[in-house]
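# Remarks on the overall topology
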Amino acid sequence: MANDKQIVIIGGGITGLTAAYYLQKQIDEQQLPYQVRLVEASDRLGGKIKSVKKDGYTFERGPDSFLIRKPSAAKLAKEVGLEDQLIKNGTGQSYILVGDKLHKMPSGSFMGIPTQVRPFLFSSVFSTKGKLTAGLDLIKPKGKQASDQSLGLFFRRRFGDELVENLVEPLLSGIYAGDIDNLSLMATFPNFYELEQEHRSLVKGLRKTVPKKKKTKDKKPSMFYSLENGLESLVDAVERRLKNGTLIKGVSVDHIERKNESYHLLLGSGEVLKADTIVMAAPHFAAQRMLSQYDFMDPFKEMSATSVANVTLAFDASAIKKDFNGTGFVVSRNSDYRITACTWTHKKWPKSTPDGKVLLRCYVGRPGDEQVVDLPDETVVDIVMKDLKKIMDITEAPEFTVVSRWKNAMPQYSVGHKDRLNQVRDHMRETLPGVFLAGSSYEGIGIPDCIDQGEEAVDKVLAFLSA
Ligand code: FAD
């Protein structure tokens, strides 16, 4: 209706889609006089979520799963009718490549931190000196109180360099694709800081707080969900439930001006869209450009986002002469390899791959080796194949390969991120009331974190409009 309050969401990744879906739900249930529009720069929705179906395989170019223990993503999947398509990952041994050898990941570790002493004492991943240094965590005093510090500094201080470089770093940089010596502890794992402050030793703290696994012969429990037809089916299902007229695709928001009590959004098409309230669910650098007249947005100019690439390779099972019983491996920096991780996708997600075939997905682009992302496809595939052959003895060429590049895709929460974000938000509340930031650039990059932020944005918008 002409007098309806206008809500505009910028960005149609999972954050913006979540906000659109739950706003529409509230508007319908409460019969609110509001209209929602979602403006997406590209022709497709989903942002980083992109699935491929090819020759009987289903695989992902971007994220391949989401954590089961963070419930918002499974909740959204159920909301949009995909409950029966949720699948859990196949479990098995995971490995870590150190030097030239695959070592079993020691059991009882949480993000690389030991919660049981025995598996670490007998692990082949560390030298005796590395084990002794890591063991000092049990007797070291707690660190001084600090508003923030880097993940690297924190973990090196507690466990020494070897445990950090062979275990913690490969696991954490797999999530954030960043340099742990720059990443903020408080913006990524504030619970580790709190554990140290409360229990002094992280190992002791984790043993007290992480629920003990029951001793059983059953397999270890799955930690991740995906969707049988790929994660993009979640994007499609949300899109199908949005009312006609909600989506404006293939048009960017270039600039935002405050006009008295409302906002004018200048679109790439030259049109102007009016809004009473805005959810900015595009990356931080895009948000800064849209509001470049405000100096308080400058911290987002400085905030980096790293680039990664992954290569999916399909083989006939006969091509792999050295098979491992497990789901994949991460690569320690103390190895002469350019891949940073490899998922044995056919084992982690058995439904993704036809019988008798093998599907591998390898990442490249560690900090300091980001230029690999810009190399031509054939060169990236050669780099990956060279590394894989050393580990798995592969005798035939892949049946096909798919290279996926993600430029400036992984926002980096460097030390001080939370304080800088709070300052920007304080300014926005004063200067741009009704404009809200949400998404992977701000409070968590995992899919459930983005969905949580989309849901929080809904609450903020509704509170703003009803004030
Ligand atoms: P995006 O998906 O980036 O969406 C933002 C949207 O805004 C885009 O569609 C973009 O086109 C649009 N936009 C930009 N500028 C404008 C503008 N000016 N006007 C209008 N629209 C604009 N997470 C997990 O939980 N599990 C995983 O396994 C996992 N693996 C990952 C693997 C890779 C390779 C990558 C890149 C990420 C991975 N992540 C994973 C992280 C997760 O996928 C992302 O953090 C999340 O999907 C980001 O969602 P978003 O909506 O915040 O942003």
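Residues numbered from 1 in each chain as written. Predicted model: local features only at pLDDT ≥ 70, side-chain atom pairs only at ≥ 80, totals over all residues. Heavy atoms only, no water.

### Quick word on the site of the ligand
In the neighbourhood of the ligand, 33 residues make up the surrounding shell, with Glu40, Lys48, Ser65, Ile445 and Ile447 lying closest. A distance of 2.6 Å separates an oxygen atom of the ligand from a polar side-chain atom of Glu40. Here an oxygen atom of the ligand sits 2.5 Å away from a polar atom, N or O, in the main chain of Ile445. Protein burial of the ligand: of its 1,000 Å² of free accessible surface, 87% is covered by the chains. For the shell around the ligand, the secondary-structure elements that each account for two or more residues are helix H1 (14-30), strand S2 (34-40), helix H11 (284-290), strand S21 (400-411) and helix H16 (447-466). Of all the elements, H16 adds the most residues to the shell around the ligand, at 3 residues. Broken down by class, the residue content of the shell around the ligand amounts to 18 nonpolar, 12 polar and 3 charged. (Near = heavy atom within 4 Å. Polar contact = N/O pair within 3.5 Å; in protein donor to acceptor, adjacent residues only side chain to side chain. Areas by Shrake-Rupley, 256 points an atom, 1.4 Å probe, with all protein chains shown as cover. Helix = DSSP H or I, 4+ residues; strand = E, 2+ residues; numbered from the N terminus. Nonpolar A, V, L, I, M, F, W, Y, C, P; charged D, E, K, R; others polar.)

### Comments concerning the packing of aromatic side chains
Enumeration over the complete set of coordinates arrives at 18 aromatic pairs. A ring pair is formed by Tyr21 and Tyr22, whose centres lie 5.1 Å apart and whose planes are at 80 degrees; its orientation type is edge-to-face. Side by side, Tyr21 and Tyr22 carry an identical accessibility label, which is buried. Here the aromatic rings of Phe189 and Phe192 are separated by 5.6 Å at their centres, their planes lie at 50 degrees, and the arrangement is tilted. Its relative accessible area of 11% is what places Phe189 among the buried residues. Judged by relative accessible area, which is 1%, Phe192 ranks as buried. The ring of Phe224 carries the charged tip of Lys348 above its face, separated from the ring centre by 5.0 Å. (Phe/Tyr/Trp six-rings, centres within 6.5 Å; stacked < 30°, edge-to-face > 60°. Buried < 20%, exposed > 50% of the residue type's maximum accessible area, 1.4 Å probe, protein only. Lys NZ or Arg CZ within 6 Å of the ring centre and 35° of its normal.)

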